[in-house]
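# Residue-level structure breakdown
In case you want the letters, here they are:
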Amino acid sequence: MSAPAAIALVVHHASPERTRRCLESLCGQDLEALRVILVDHSEAGGGARLVDGLAHARCLRPPANRGFAAGVNAGLAAGDAPAVLLLNPDAVAEPSWARRMVEALSGGERMGMVACRVLGRDGRLDSAGLAVSRGGMGILRGHRRRAQTPVTRLDAMPLLGPTGAAAAYRREALVAIGGFPEDYFLYYEDLEVAWRLRALGWSCAWLDEALVLHDHISGAGAAKRGHLRRSRRLFRERNFPQERAPRRGGAAAKDPVSMEPLLVPTRRWLADMVRRAL
């Protein structure tokens with residue numbers, strides 16, 4: 001058996017039927033040297049049954065659910081492949097997705113992450129990667145736009161990094177920042193990872209094809225809204241202690257990188273919010 005070129009991590013919490021469809025899509029990829037790891041955060045357990053009969057898939061059951069970032073780190077520690085893929089349990093990937101994402105990671109020595117078009121169940125864009133406003137607000141690029149929206153329009157909001165719903169990372173890059181930040185329980189951890197990697201000079205490749213369908217259910221309960229508010233506040237306090245003066249680089253950066261070119265002007269962000277609300 002050849003050494004895996006990549007591991008694909010799925011952090012499972014609920015809805016086993018959707019998670020099984022996600023796992024089946026990953027086990028049907030045309031990248032032979034791909035291994036799939038399910039991190040089971042569900043209350044009832046049962047993750048082992050979800051990987052039953054799926055070649056090259058296995059389940060991890062951490063002793064406690066400490067959030068999405070901790071789940072990713074548990075999966076990261078369970079493999080040593082140079083490429084790390086993330087896919088939400090309510091998403092399915094086309095058979096060429098993993099191969100295309102791994103190929104994009106080989107675009108240069110400092111290529112640390114890859115973003116792609118992710119479609120929602122209504123056929124519109126769910127996201128085209130992540131952006132961040134000058135005030136430290138996370139933005140799903142292209143959200144609710146037509147699936148075929150030209151990349152020139154999407155690039156009106158500079159690409160910071162991939163959304164955790166469908167992403168690829170170079171293991172070396174994640175190790176350089178200590179993995180995913182576990183003080184984020186849910187939301188904004190992917191934005192923090194992209195910010196830290198950019199600050200250390202890693203680049204993000206763009207795969208301009210819709211190869212993932214995210215069957216995301218809109219709306220959120222009080223607990224999720226609370227996580228979102230907390231994570232947004234944490235990100236802004238950590239990286240934007242004074243609005244309009246984003247932190248340069250990171251603690252491990254020898255030559256701090258200016259993040260200014262990657263910031264979306266507040267007026268443009270507000271205009272996009274209004275457009276989506278209409």
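Residues numbered from 1 in each chain as written. Predicted model: local features only at pLDDT ≥ 70, side-chain atom pairs only at ≥ 80, totals over all residues. Heavy atoms only, no water.

### A few points about the overall build of the protein
- Along the backbone of the protein there are nine helices and 12 strands.
- Considering the protein as a whole, with its 278 residues, one finds that 51% of them fall into the buried category.
- Counting contacts in the protein only where the partners sit at least 6 residues apart, residues at least 24 apart contribute 73% of the total.
- With an accessible surface of roughly 12,900 Å², the protein has 53% of that area assigned to carbon and sulfur atoms. (Helix = DSSP H or I, 4+ residues; strand = E, 2+ residues; numbered from the N terminus. Buried < 20%, exposed > 50% of the residue type's maximum accessible area, 1.4 Å probe, protein only. Contact = heavy atoms within 4.5 Å. Areas by Shrake-Rupley, 256 points an atom, 1.4 Å probe, with all protein chains shown as cover.)

### Details of the environment of Leu-211
- Of note, Leu-211 is situated in strand β11 (residues 203-214).
- Residue Leu-211 is classed as buried on the basis of its relative accessible area of 7%.
- Distance in space between the C-alpha atoms of Leu-211 and Pro-95 is 8.3 Å, their sequence separation being 116 residues.
- Once residues lying within four places of it in the same chain are set aside, the contact partners of Leu-211 are Val-92, Ala-93, Glu-94, Ser-96, Trp-97, Arg-100 and Arg-117.

### Some points on the sheet that holds strand β9 (residues 138-140)
- Within the open sheet, the three strands sit side by side as β9-β8-β12. Their pairing is mixed. On the outer flanks of this sheet lie β9 and β12 (263-264), each paired with one strand and no other.
- Relative to β12, strand β8 (residues 130-133) is paired through two bridges, and the arrangement is parallel. The residue bridging Ser-133 from the neighbouring strand is Val-264, located in β12.
- On top of the sheet, helix α7 (residues 189-199) reaches β8, β9 and β12; it is set at about 80° to β8, its chief contact. (Pairing = 2+ DSSP bridges. Axes fitted to C-alpha atoms, helices over the stretch in contact; angles between N-to-C directions.)

### Some thoughts on the pairing of strand β10 (residues 166-170)
- Along β10, five of the five residues are buried, which leaves the element largely enclosed by surrounding structure.
- By the alternation rule, side chains of β10 split into Ala-166, Ala-168 and Arg-170 and Ala-167 and Tyr-169, which are all buried.
- In this sheet, β10 lies alongside strand β4 (residues 83-87) in antiparallel orientation, the contact comprising five bridges. In the strand pairing of β10, Leu-87 is matched with Ala-166.
- Here two bridges tie strand β6 (residues 111-120) to β10, and the two strands are oriented antiparallel to one another. Each residue of the ladder has a partner; that of Met-113, found in β10, is Tyr-169.

### Describing the packing of aromatic side chains
- With the rule as written, the count across this model stands at six aromatic pairs.
- Each ring, one from Tyr-169 and one from Phe-180, has its centre 5.7 Å from the other, and the planes form 90°; the classification is edge-to-face. Of this pair, Tyr-169 sits in strand β10 while Phe-180 sits in the loop between α6 (171-176) and α7, and the two are 11 residues apart along the sequence. With respect to class, Tyr-169 is no different from Phe-180; both count as buried.
- Their ring planes at 55° and their centres at 5.8 Å tell us that Tyr-188 and Phe-235 sit as a pair that is tilted. Placement of the pair is Tyr-188 in the loop between α6 and α7 and Phe-235 in helix α8 (residues 222-239), with a sequence separation of 47 residues.
- Relative accessible area serves as the criterion here: at 9%, Tyr-188 is assigned to the buried category.
- Through successive ring pairs, a cluster of aromatic residues spans Tyr-188, Trp-195, Phe-235 and Phe-240.
- Directly above the aromatic system of Trp-202 lies the positively charged group of Arg-110, at a separation of 3.9 Å from the ring centroid.
- Above the ring of Trp-206, the side-chain terminus of Arg-141 is found at 5.2 Å from the ring centroid. (Phe/Tyr/Trp six-rings, centres within 6.5 Å; stacked < 30°, edge-to-face > 60°. Lys NZ or Arg CZ within 6 Å of the ring centre and 35° of its normal.)

### Some details on unusual backbone geometry
- The phi dihedral of Tyr-187 is positive, around 75°, even though this residue is not glycine.
- Relative to the helices and strands, Tyr-187 is located in the loop between α6 and α7.
- Look at Tyr-187 and you get partly exposed, because its relative accessible area is 28%.
- If you check the backbone angles, Tyr-188 has positive phi at about 70° while not being a glycine.

### Remarks on the nonpolar core
- Tyr-169 and Phe-180 are the most contacted members of the largest nonpolar core, which totals 41 residues.
- Among the elements that take part in this core, α7 stands out by supplying six residues, more than any other.
- Counting 34 residues, the second-largest nonpolar core is a separate cluster that includes Leu-34, Leu-50, Val-118 and Val-212. (Core = buried A, V, L, I, M, F, W, Y, C linked by side-chain atoms within 4.5 Å.)

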